[in-house]
Amino acid sequence: MVGVDEAGLWAAELESVFARVAGRFSRVDLRWRMRDYVRGLLAPVDRKNGWQLAEYAGHRGPAGFQHLLNGAAWDADALRDDVQHYVAEQLGCPSGVLIVDDTGFIKKGTASAGVQRQYSGTAGRTENCQIGVFAAYASPKGRALVDRELYLPKSWTGDTDRCRAAGIPANRRFATKGELARAMVLRGLASPLPIAWVSGDCAYGQEWRMRRTLEEAGVGYVLAVPKSQQLHAPFARIDHAIAQTPQEAWERMSCGDGAKGPRVYDWVAACLPAIDVFDGDTPTHQRWMLARRSVTRADEVAYYVAYAPNGTTVADLVRVAGARWTIEEAFQAAKNECGLDQYEVRRYPGWYRHITLAMLAHAILAVLAAQATERGAAETTPPAPSPSPWQKSGDS
């Protein structure tokens, strides 16, 4: 159970966040509905749909929340910017990593914006679903979702009438998931978020425009790529290059903790030749190729390309590669705790509004967890020095 003091700290943080974003809602009634909606997303409600959230908030029905998501005048992108500022202030660190990935939202019917039968990594198969592309921010303090875009297949962007019925703006054109991710990366770099690295799986790592954008900005990356990824001369495919690695070059390291403890793999890395035309006479960064191998199955290998400041170690690259999994943990927490996937809206504006409010709720949880960890560390009493003259190897 949460203690009285802790509950007071949580309530104070909620009020602080509500005051921060209140200006995005011009009418008082909308501010109160927003507060009730976010409180409901954070509450132990079984199914966080309109009816159950309304019941939790003491409303007669879901009409007020439906209006908040579908009809009211407020800017979901401006609220997203507030989320980024909040996360930057509370969780920002110079070593922060921005991670891009997508997740599926299983839906019935054909009316929900962007829905079609398509592969969903969440379900692990082809389903009738919507796909959202997200960016998460991770640092030693915590992790939170900070941006989002709804993927619209060509079956939607090529049908003007269908788009109009779903509230999709007339200027919204088809964009690949990689292009959506690149746009979010650019927004992240322009935001207050302190971003030292960008990471993502091979669906995004194989996008050369993404890599070139980061290199031009001087931002490091560790991006997964398919085994067929082509490298610059004298190397060819990355899997062929890694296959020539001597066994003694592999090193067993953890890339971070998972649900079952440290994620331990065998790793190998090598610098790639500089490209004179692009890197100049005195390059400040170096390109790498990196591979991760299962400790139990030598044929299970994942491949990465990296771009890192001079002086970066293999351990640094491994840490950033491991940070990619934090977005999956953020998805799970946002869905289980904040109703990220439990919406009933069908129109394009409603999707962005619900998702952004759920991101705000998830960011609040992440900040509260970071604050609790910090308080716990501050309250830990260091052990009294031992009077014994005998010392062990870990003693100073």
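Here the structure is a predicted model, which is why all the values come from computation and not from measurement.

J.: Looking at this structure, I do not really get the overall build of the protein. What am I missing?
T.: From N to C terminus, the protein includes 15 helices and ten strands. For the protein, whose C-alpha radius of gyration is 23 Å, the value lies close to the compact-globule estimate of 21 Å for 396 residues. Oriented by its inertia axes, the alpha-carbon framework of the protein measures out at about 70 × 70 × 40 Å. For the protein, the residues scored as buried account for 49% of the 396 residues in total. The long-range fraction of contacts in the protein, counting pairs at least 24 apart against all pairs at least 6 apart in sequence, stands at 65%. Carbon together with sulfur atoms contributes 51% to the accessible area of the protein, which is approximately 19700 Å² in total. Taking the average place of the 46 positive charges on the side chains of the protein and the average place of its 44 negative ones, the gap between the two points comes to 7 Å.

J.: I'm lost on helix α3 (residues 50-57) in this one. Help?
T.: Where α3 is concerned, the buried positions are G50, L53 and A54. Burial along α3 is one-sided: seen end-on, the buried residues are contained in an arc of 100 degrees. Across α3 from its buried face, at more than 90 degrees, point the exposed residues W51 and E55. Structurally, α3 contributes buried residues whose contacts are with α2 (28-42) and α4 (63-70). Positive backbone phi, approximately 85 degrees, marks G58, located one or two places after α3.

J.: Quick question: what am I supposed to make of the packing of aromatic side chains here?
T.: What describes a pair of aromatic rings is the distance from one ring centre to the other and the angle between the planes of the rings. Tallying each qualifying case throughout the model produces 14 aromatic pairs. Seen from their ring centres, Y151 and F174 are 6.2 Å apart, and the 70 degrees between their planes marks the pair as edge-to-face. Placement of Y151 in the loop between β4 (142-150) and α6 (154-157) and of F174 in the loop between α7 (160-165) and α8 (177-190) is noted, with a sequence separation of 23 residues between them. Relative accessible area serves as the criterion here: at 14%, Y151 is assigned to the buried category. By way of ring pairs, the aromatic residues F105, F134, F331, Y343, Y348, W351 and Y352 are connected into one cluster. Against the face of Y343 rests K107, its NZ or CZ located 3.8 Å from the ring centre. Here the basic side chain of R293 rests over the ring of W250, its NZ or CZ set 4.1 Å away from the ring centre.

J.: How should the side chain of R211 be read in this particular structure?
T.: Note on placement: R211 falls in helix α10 (residues 208-217). At 5.5 Å, E215 is the nearest oppositely charged side chain to R211, a buried residue that forms no salt bridge. Apart from the residues lying within four places of it in its own chain, the contact partners of R211 are G205, Q206, Y221, L223, Q229 and V305.

J.: Can you help me understand the packing of α8 against α10 in this one?
T.: Between two packed helices, what matters for the description is the angle formed by their axes and the separation of those axes. Orientation of α8 relative to α10, taken along the N-to-C sense of each, is 15 degrees, at an axis distance of 10 Å. One way to sum up the angle between α8 and α10 is to call them roughly parallel. For the pair α8 and α10, the sense of crossing is right-handed. Contact residues: G178, A181, R182, V185, L186 and L189 in α8; R209, M210, T213, L214 and A217 in α10. By residue class, the composition of the contact of α8 with α10 is seven nonpolar, two polar and two charged.

J.: I tried to follow the pattern of salt bridges on my own but got confused; where do I start?
T.: Oppositely charged side chains are able to pair whenever their charged atoms sit close together. All chains considered together, the criterion is met by 26 salt bridges. Here D161 and R164 are joined by a salt bridge, their closest N and O atoms 2.9 Å apart. Placement of both D161 and R164 in helix α7 is noted, with a separation of three residues, approximately one turn of the helix. Neither residue differs from the other here; D161 and R164 are each classed as exposed.

J.: What should I look at first to understand the environment of A175 in this one?
T.: Along the polypeptide, A175 turns up in the loop between α7 and α8. Exposure remark for A175: the relative accessible area of 14% places this residue in the buried category. Here the alpha-carbon distance between A175 and L150, two residues 25 residues apart in the chain, equals 10.0 Å. With near-sequence residues (within four places) excluded, A175 lies in contact with Y151 and L180.

J.: What is the right way to read α2 from this model?
T.: Each α-helix winds once per 3.6 residues, and so residues spaced three or four apart point in a common direction. With 15 residues, α2 should cover 21 Å at 1.5 Å per step; its first-to-last C-alpha distance of 21 Å lies within 8% of that length. For α2, every residue scored as buried is listed here: L30, M34, R35, Y37, V38, G40 and L41.

J.: Teacher, can you tell me more about the side chain of Q84 here?
T.: Examined against the element boundaries, Q84 turns out to sit in helix α5 (residues 76-91). The exposure class of Q84 is buried, given its relative accessible area of 4%. In terms of polar contacts, Q84 uses its side chain to reach the backbone carbonyl oxygen of V146, at 3.0 Å. Here Q84 is in contact with V146, D147, R187, S191 and L193, once residues within four sequence places are set aside.

J.: How should the nonpolar core be read in this particular structure?
T.: Grouped burial of nonpolar side chains is what soluble globular proteins tend to show. Core analysis: the largest hydrophobic core is formed by 118 residues, its most contacted members being V87, F134, L145, V222, W267 and L357. With 15 residues, helix α15 (residues 348-379) is the single largest residue contributor to this core. For V222, the contacting residues outside a window of four places in its chain are W197, V198, S199, G200, L290, Y304, V305, A306, L317, V320 and A321.

Definitions and cut-offs
Residues numbered from 1 in each chain as written. Predicted model: local features only at pLDDT ≥ 70, side-chain atom pairs only at ≥ 80, totals over all residues. Heavy atoms only, no water. Helix = DSSP H or I, 4+ residues; strand = E, 2+ residues; numbered from the N terminus. Rg over C-alpha atoms; globule rule 2.2 N^0.38 Å. Buried < 20%, exposed > 50% of the residue type's maximum accessible area, 1.4 Å probe, protein only. Contact = heavy atoms within 4.5 Å. Areas by Shrake-Rupley, 256 points an atom, 1.4 Å probe, with all protein chains shown as cover. Lys, Arg positive; Asp, Glu negative; His and termini not counted. Charge placed at Lys NZ, Arg CZ, Asp CG, Glu CD. Arc of directions from axis to C-beta. Phe/Tyr/Trp six-rings, centres within 6.5 Å; stacked < 30°, edge-to-face > 60°. Lys NZ or Arg CZ within 6 Å of the ring centre and 35° of its normal. Salt bridge = Lys/Arg side-chain N within 4 Å of Asp/Glu carboxyl O. Axes fitted to C-alpha atoms, helices over the stretch in contact; angles between N-to-C directions. Parallel < 35°, antiparallel > 145°, perpendicular 65-115°, else oblique. Left-handed = near helix turned anticlockwise from the far one by under 90°. Nonpolar A, V, L, I, M, F, W, Y, C, P; charged D, E, K, R; others polar. Expected span 1.5 Å × (residues − 1). Polar contact = N/O pair within 3.5 Å; in protein donor to acceptor, adjacent residues only side chain to side chain. Core = buried A, V, L, I, M, F, W, Y, C linked by side-chain atoms within 4.5 Å.

Take it as geometry only, folks, not as evidence of what the structure does.
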